Amino acid sequence: MLGVVLGAIRARRAQAATLFVLTALALIAATAAPWYVVAAARSVALADVAVAPASQRVVLVAGRVAPAPGVVDQIESQAGAVFPIPGSDSTVSVRVPGRAVRGGAESAVALAYRDKVCDHVAIAGACPSRPGEVLLSEQGAGALGAGIGDEIDFVVPGLPVMRLRIAGTYQMLDPLGPYWAGNVLGRGSGSVTSSLSGDPLFAVIDTVNATGAGELFADYHQVLPPEAYLGIGGYDLADEIARKKAASGSNWRVETQANALTTRVAREQRLVNLGVGVAAAQLLVLCWFALFFAVRHTAEQRRPDIGLLKLRGSNRWRVWSLTAQQSVLPMVAGAVVGAAAGLGLARLLGGELGDPDRVRLAGLMSLAAVGAAGLGALAAAIAADWRGIGSGVIDLLRHVPPRRRGWRAGVVDLIIAVVAAAGVYQAYAIDAEPGDASGLVLVAPALVALAVALLAARAVGPLAARAARKALRAGRVPLALAATHLARRPGTHRVFALLTVAVALLASAAGGWYSGDAARDARATHEVGADRVLTVKARSRAHLLNAVRAADPQGTHAMAVVRNRAGEGGRWVLAVDSPRLARVASWHKGYADTPSSVAQWLRPEAPAPVRLSDGPLTLEAEPVGVGKPLLVRAHLVTGTGEPVSVEFGPLRDGRQRYQMELDACGGESGCRLVGLEVTAPNAQGAPPPDRAVRLHSLAGAAGPVAELADPTRWRAGVRAEVVGPTIVGDAGGLLLTTPPRAADLRVQHSGIAYLVDAPVPLPVAHVGVAVADGQPGDPRLALFGSLPLPVLFTGHQGLVAVPQAPGRAYLVDLEYADRVSPEAGLNDETQVWLAPGTPASVLDGLRDQGLTVLAEDSIAAARGRYDEQGPPLATRFQVLAGIIGLLLAAGVLTVAAAVERPDRAAELAALRRQGMDLRSVRLIGYGGYAALVGACVVVGVAATALAGVLVEAAVPVFVDNWGVLPVHTGPAPVPLIAAGLAALVVLGATGAVAAAHLVRAVRS
C-alpha cells in the first residue's frame, strides 16, 4: 500500500511539495512563537534595566543605630535580613550631619563611612586609613580654602568640636551610577552646578564613632542585579517590595523606586506576549485554512481515483488510508523540518533564553504549540478529504463539482463580520493603557480585513460573470473566457479570500513597523537633542559656555546646554548657546518652527560686555553729601564663572583716584564686569540709605572703560523684592544713589548697579504654556529653580516642542540667562551637544578646559534602546508572520493552479483545435491569474487602510504612551505601497509560473 501512496505522491509532486511547504511554514510559526516570546520577554527586561535610572535599580534599608565598634557588621546583619535580595551588591554606610569649618568659611556636610567608597571616587592624596583622617570633595576644599594635609573642624551642635586632617580630596567617578543612587551621600554632588554644601566627608568607621553622637544614621544599600527583574524561579520583585515595605518596622524602613521599573517590565512583557501571541494565532489559523484549501483542491483532483476505488468495491478504511496518506506523509515531513527551522529562527530573532528555567518553559510551550499546530493541520486535512470520502460514485466521477455553497458559509461570514465590529467598538469604547489592550482589540484589524475579503470574495463571481458577458458582446474572447473561468470555478472565492487576507496581514504588519520606526526615530531625535550629547561636570554655567566655545571656536561642532527640571511650576528649562542651535541641534521638523528663527528671537542684539584683565584697576570717584564712610565694590566674574570682587575705599572727600591690583582675571577672556556697588565698610546687608557717589572714570590695564559715563548701560537689579540704586548721568560722570530707608520690611535694598550686557526682560520661547504674547504687567519666571526673573514671551506659539523636554517647557539663550541670573541653579544639568562628524580634537579640548564627562548618549544609542522595547519586538514578529502568510498564500495559489491545470489545459487545447491562436491562450492563462492576483492585492491593501482608519495602533508604538510629537498610527502610503508591491511580486510570480505551465500543457 505504501508503494501505491508514494506513486500517487510522485504523480502529484506539485501538490505534495506544496503541502510540505505549507505544513513547514505552519510549524515554523508554532515553534518560533513560544521561543520568541520567552526570549523577547527576557530581552525586554534586560533592555529596560540597562536604560532605567539608577534610582530604579537600588533598594535602601534605612534606620538609626548606636555607635559601637562592630556597628558595620550589626547593620549588615540586621538591615540585610529585612530585605535579602539574591545576587545584589550591598554596601553599608553611616553618617553624622554637621558643619565643616575652617577660618571664616563653613559648609554643611556629613561625616560618613561607606563601604568601597575609595573605589568609586578619584582621589588626590590618600584614602583615609586612620582615625581623624578624612576625604574632602574638591568642591568642598575650594569652598573652605583647604588642601591636602590641612586641618578642619567638624562641628555638631551640642557636641565637642572634632579636629580632622584632610588625607585627600575626591571627585565622584560616576555620580549618576547606581552606587550613589538613592543614598543621601550621593546627593550633594549629584547636581552638576548645585551648591557646594552637602558633599560628605568620608572617613573610617572609628572616626564616625568618635563624634560622640548618640545615634548614627545608617543605610544598607543594595544594587539589584538584572536577574531580579526577570522572574527567575518564580521570584516576583514587585510582590517582594510590597511585602517588605508592609512588614518593615520602626527600626528599619525600606525605600526604593524599583516598583516603577517592575511595572514597566511587566507591561512590556505582557505586550510582547499578547502581540506575538495574536500574530502567531492569526498565522496559525491562516496556515490551517491554507492547508484546508490546499488539501481540498488536491482532493478535487483525487475524486476520480476515489470513485474508481469505490466502484471496484474497496473497503472504506482502505480508501480512507490511501487517500489520507497522500496528504499526511508530506505534512509529517514538513512538520519535522518546520519545527527545526522554527527553533533556529526564534533564536536568531529573539536571542538566547539564558537560564535553564526559561529553556524548559519555552520547550514545553513550543511542544504544546507544535502539537496544536500539527493536530490542527491534520484536522484541516481530514475535513478537506471528508467530503470526497463521503460522496457517491456518480458525484466522484463528475469533472464539474457542484456549485452549491450552502447556508453554513453565509453564517460563518456573518459571525466574522459581527466579531470584527465588536473589536472595532472595543477599540473605540475602551481607553486602555498601552500594553493593557485586549486580544480582541489587537486582532480587530485582521478581522476587519477578513470581513472585507469575504465580502469582496462573494462579489468576485457575479462581477466576473458580468465582465465575461460584456467582453463576449464586445468580441474580446480571451477576456471573456478568463472572466468566465473565475466566475464558474467554485473554489475561486476561497482562494480569493485567503490571498486577500494574506496581503492584508502583510500590509498591516508593514504599516505597524513603518509607523513605529518613524516614531522611534522622532523620539530618539527629540529626547537626545543632538547627534551626541555629553553630560558633563562644570563649575558653573559660564564655565561650561566658555569651555565649549574654546574647544570649538568656529561653533560648528559643539554647543553648551543647561537643562533644568526645577523651573517655574516644574516645567523644563532648556538654556542653549543659541547662535549654534541651528548648526548643532538635531531639530525635528515636528517642532513646527526653524532653529534659526527661534535663535534670532532668543538672542536679540545687546551691548557687548566689558572685560578686564589682570593688572591695575583704577577708579576715580567722589562721595556726594555728608555721612558715614563709603566704598565702591566692583563685581566681576571669571571665565569659569567664579566671582571676583575689588573694593575701592573707604572713599575720601573730594574727587580722588583709587587703584587696586586685579590678579584673578588671567586668560584670553579675562573677567567680565558685572556691576559696581555702593556700600559701607564692613556693611552687613543693606547699604546706608540715601547716600550718593559720583563715579568719574574706571580704567583697567587695557585702558578706560568708556561705558561708565553712559547711564543707559547701567540698570538696577531684576529681583522684584529688591530696590536698587538710582542711576543718573551728569557732566561729572555717573551718579549712584542708594535707595531710601524702606517702611516695608519685606523689601530689600541693594547698592549694586549692573552693567547692561543682556536684554532685560529676558526673551523666552515657551511650549505648552498658556501665555499670550505681550502679556501685560511684569511676567516673571524662576528659570533655574532660583529667583524669578523678568521675561518677555516670544511670538512662537507655533512651537510644538523643544528638544529633550517631555511637555511644557521654556527655551532661553544660555549666555543671556546666565548674565541676568548669575546665581547657581537648583539641579542644573550641564551638557555639551555635538553635531555629526565632531572631530576628536573637540572632545580633547573639552577635557583640557576642565569639563568632566559623566555620561554620553546619542540618537543612535537611543534608537537602539527603543528597538529593544516590547512594541518593536512584537511588530517584528508580526512582519515575519506577514511574510510567512504571503508565502502560504502563494502555496495555496500553486495548489489551486496545479489542480485545475489538467481540466483547463484540456478546455484550451480543444479551443486550439477549433482555431484559437496561441496568443489568445497566453492572454487567457496569464490574464486570468493576473486579474485574480491584482484584485487580491488591491482589496487587501484597501482592507488594511480601512482597518487602520477604524483601529489605530493595535500594537501601541510606546508602552509609556509618549506623545510629545505627533505619532502617526493610521494608514500610511509608503508601507501600503511597499506591501502591495511585495505581494504583487510574490503572488504575481506564482501566477506567472502557473500560467506558463498551463500554456505549456496546452501546447503539448
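About the cut-offs
- Residues numbered from 1 in each chain as written.
- Predicted model: local features only at pLDDT ≥ 70, side-chain atom pairs only at ≥ 80, totals over all residues.
- Heavy atoms only, no water.
- Buried < 20%, exposed > 50% of the residue type's maximum accessible area, 1.4 Å probe, protein only.
- Helix = DSSP H or I, 4+ residues; strand = E, 2+ residues; numbered from the N terminus.
- Arc of directions from axis to C-beta.
- Contact = heavy atoms within 4.5 Å.
- Pairing = 2+ DSSP bridges.
- Axes fitted to C-alpha atoms, helices over the stretch in contact; angles between N-to-C directions.
- Polar contact = N/O pair within 3.5 Å; in protein donor to acceptor, adjacent residues only side chain to side chain.
- Core = buried A, V, L, I, M, F, W, Y, C linked by side-chain atoms within 4.5 Å.
- Salt bridge = Lys/Arg side-chain N within 4 Å of Asp/Glu carboxyl O.
- Disulfide = S-S within 2.5 Å.

### Focus on helix α20 (residues 859-867)
Along an α-helix, a turn takes 3.6 residues, which lines up residues three or four apart on a common side. Along α20, the residues classified as buried are Ile 859, Ala 862, Arg 863, Tyr 866 and Asp 867. Around the axis of α20, the buried residues are gathered within 140° of arc, so they sit on the same side. Those residues of α20 that are buried lie in contact with α14 (492-528), β33 (852-858) and α21 (870-913).

### A closer look at the sheet that holds strand β31 (residues 809-813)
Ordered in space as β29-β30-β28-β31-β13-β12-β32-β11-β33, the nine strands form an open sheet in which the pairing is mixed. The sheet terminates laterally at β29 (780-781) and β33, the two strands that pair on one side only. The sheet contact formed by strand β11 (residues 532-537) and strand β32 (residues 828-834) spans four bridges and is antiparallel. Its bridge partner lying in β32, Val 533 is registered against Trp 833. Lying over the sheet, helix α19 (residues 840-848) contacts β11, β12 (558-564) and β32, oriented at roughly 15° with respect to β11.

### Points about the side chain of Arg 713
By the secondary structure assignment, Arg 713 is in the loop between β21 (703-704) and β22 (714-715). Among the polar contacts made by the side chain of Arg 713, one reaches the main-chain carbonyl oxygen of Ala 608 at a distance of 2.9 Å. Residues within four places of Arg 713 in sequence aside, it is in contact with Pro 607, Ala 608, Glu 707, Tyr 754, Leu 755 and Val 756.

### Some points on the nonpolar core
Phe 496, Leu 498, Leu 499, Phe 877, Leu 888 and Leu 987 are the most contacted members of the largest nonpolar core, which totals 84 residues. Not counting the four nearest positions on each side in its chain, Leu 498 is found in contact with Leu 286, Phe 289, Ala 290, Phe 293, Ala 889 and Val 892. Of all hydrophobic cores here, the second largest spans 49 residues; its members include Val 72, Ile 85, Leu 201 and Ala 258.

### Details of the environment of Tyr 810
Its location among the elements puts Tyr 810 in strand β31. Put simply, Tyr 810 and Val 767 are 43 residues apart on the chain and 6.4 Å apart in space, counted from C-alpha to C-alpha.

### Observations regarding the pattern of salt bridges
Counted according to the given criterion, the structure contains 39 salt bridges. For the salt bridge of Arg 863 with Asp 521, the shortest nitrogen-to-oxygen distance reads 2.5 Å. Of the two residues, Arg 863 sits in helix α20 while Asp 521 sits in helix α14, which places them 342 residues apart along the sequence. A relative accessible area of 14% places Arg 863 in the buried class. What makes Asp 521 partly exposed here is its relative accessible area of 34%. Arg 580 is paired through a salt bridge with Asp 577; the nearest N and O atoms lie 3.5 Å apart. Through salt bridges with shared partners, one network takes in Arg 549, Asp 552, Asp 577, Arg 580, Arg 603, Asp 813, Glu 815 and Arg 819.

### Observations concerning the state of the cysteines
Tallying each qualifying case throughout the model produces two disulfides. The disulfide bridge from Cys 118 ends at Cys 127, spanning 1.8 Å between sulfur atoms. For the disulfide bridge between Cys 118 and Cys 127, the dihedral angle about the S-S bond is near 65°, and by the sign convention the bridge is right-handed. Given a relative accessible area of 24%, Cys 118 falls into the partly exposed group. A relative accessible area of 33% places Cys 127 in the partly exposed class. Two residues, Cys 665 and Cys 671, share a disulfide whose sulfurs are 1.9 Å apart. One disulfide, between Cys 665 and Cys 671, carries an S-S torsion of -95° and so falls in the left-handed class.

### Quick word on the pairing of strand β19 (residues 671-679)
Judged by how many residues are buried, β19 sits mostly within the fold: nine of nine residues are covered. Examined bridge by bridge, strand β14 (residues 611-612) and β19 share two bridges and lie antiparallel to one another. By the bridge assignment, Arg 611 is partnered in β19 with Arg 672. Relative to β19, strand β16 (residues 631-637) is paired through seven bridges, and the arrangement is antiparallel. In the strand pairing of β19, Ala 634 is matched with Leu 676.

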